[in-house]
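# Overview (structure and organization)
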Amino acid sequence: SEVLQALRNACDEGKSQETGWCFVVLAPTSKPPLEWESEFAHVEYPLPSADQLYEIARGLALPEELPSTPEEKAEAMAAAAGLTRRGAENAFSLSILRHRCLQPELLWQLKATALKNCGYLTLYQGDASFDKLGGLEAYKQFSLCLLQSDHELAKPRGQLLLGVSGSGKSQAIKSLGAASGRHVLTLDMGAVRSKYQGETDANVREAIRIAEAMQPCILMIDEV
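Residues numbered from 1 in each chain as written. Predicted model: local features only at pLDDT ≥ 70, side-chain atom pairs only at ≥ 80, totals over all residues. Heavy atoms only, no water.

## Comments concerning the overall build of the protein chain
Applicable threshold: In this description a helix means any DSSP run of H or I spanning at least four residues, a strand means any run of E spanning at least two, and both kinds are numbered starting from the N terminus. With a 1.4 Å probe rolled over the protein chains alone, any residue whose accessible area is under 20% of its type maximum counts as buried; one over 50% counts as exposed, and the rest are partly exposed. The contact definition used throughout considers only heavy atoms, calling two residues in contact when any of these lie within 4.5 Å. Methods summary: accessible areas were calculated by the Shrake-Rupley approach with a probe of 1.4 Å, and residue burial reflects only the protein chains presented.
Looking only at helices and strands, the protein chain features nine helices and three strands. Its helices and strands taken in sequence order, the protein chain reads α-α-α-α-α-β-α-α-β-α-α-β from the N to the C terminus. The buried share of the protein chain, taken over its 224 residues, is 30%. For the protein chain, long-range pairs separated by at least 24 residues make up 65% of all intrachain contacts whose partners lie at least 6 apart in sequence. For the protein chain, the computed accessible surface area is about 15,100 Å², with 53% contributed by carbon and sulfur atoms.

## Thoughts on helix α4 (residues 85–99)
Three or four residues apart is the spacing at which side chains of an α-helix point the same way, because the helix has 3.6 residues per turn. Selection criterion: A helix is expected to reach a length of 1.5 Å times the quantity of its residues less one.
Compared with an ideal rise of 1.5 Å per residue, which puts 15 residues at 21 Å, α4 spans 21 Å between its outermost C-alpha atoms and is within 8% of the ideal. Packed against the buried residues of α4 are α2 (50–60), α3 (70–80) and α5 (104–117). Of the residues one or two after α4, R100 is the one with positive phi, at around 60°.

## Points about a nonpolar patch on the surface
Here is the rule: For patch detection, residues must exceed 30% relative accessible area and be free of salt bridges, and they are connected within 9 Å for like charges or within 5 Å for nonpolar side chains (Val, Leu, Ile, Met, Phe, Trp, Tyr). Whenever Lys or Arg places a side-chain nitrogen within 4 Å of a carboxyl oxygen from Asp or Glu, that contact is recorded as a salt bridge.
Taken together, the side chains of W21, F23 and V25 make up a nonpolar region of the molecular surface, amounting to roughly 270 Å² of accessible area. By the secondary structure assignment, V25 is in the loop between α1 (2–16) and α2. Overall, V25 belongs to the partly exposed group, its relative accessible area being 49%.

## Observations concerning the nonpolar core
Using the following cut-off: Residues belong to a common nonpolar core when they are buried Ala, Val, Leu, Ile, Met, Phe, Trp, Tyr or Cys residues joined through side-chain atoms within 4.5 Å.
F92, L102, L121, L185 and M214 are the most contacted members of the largest nonpolar core, which totals 33 residues. When near neighbours in sequence (up to four residues on either side) are disregarded, L185 contacts L115, L121, T122, L123, I210, A211, M214, C217, I218, L219 and M220. Listed in part, the nine residues of the second largest apolar core include F130, Y139, L176 and M220.

## Things to note about the sheet that holds strand β3 (residues 217–222)
Worth spelling out the cut-off: Think of it this way: DSSP has to see at least two bridges between two strands before they count as a pair. To obtain each axis, a line is fitted to C-alpha atoms, and for helices this fit is confined to the stretch in contact; angles are then taken between N-to-C directions over 0 to 180 degrees.
Strand order across the open sheet formed by three strands is β1-β2-β3, with mixed pairing between neighbours. On the outer flanks of this sheet lie β1 (121–123) and β3, each paired with one strand and no other. Taken pair by pair, the neighbouring strands of this sheet meet at an average axis angle of 25°, ignoring direction. Bridging between strand β2 (residues 183–188) and β3 involves six bridges; their strand directions are parallel. Its bridge partner lying in β3, L185 is registered against L219. Helix α7 (residues 169–180) rests against β2 and β3 of the sheet, and its axis sits at about 175° to β3.

Without other data, these values stay purely geometric and don't point to any function.
Quick look at the structure:
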């Protein structure tokens, strides 16, 4: 289009100036128009770390509204992990407004809502456990042995569960999350797929980025 061509010409002109100047484009994704792919350098920033989240909270809260112990700080920051900067600001502000503190339960609830709104990620918040899971005794024993092992190589980074619908695969993973003390994220592959070129890959990358920010956690990829 004429607008894209004008911007490209302006970029070329800026490169030729003695002082030099350039465009900086801020966007939630790193997928520029095809005409721009060779013109821009792509820089992807990770989601805020725990220290960065705490700095955001310090900018919003009074000293007495911040966590008073390292344990409370770690719990609150874990509840906010995986949120964007804007999402964290909104969650912290609401928590401070309602409770005059950073309440982990509210932060988890707001994060679960934010993930659900993206359309393909959900955060499990239930009471699943191996004690409530009927059958699958071999799987329970195998998983518990791995969790209790001190040998790093004996702990696989993933599991592949195969079975017909209704055989308990999803419930088994949710129970594993409770047994390992990790929250469970579900990636719905049916929802992550898109008819637009490149969007499916972008959705998967975003899901992995969120899971990495929330680690340790379990990412359950549901193909059914």
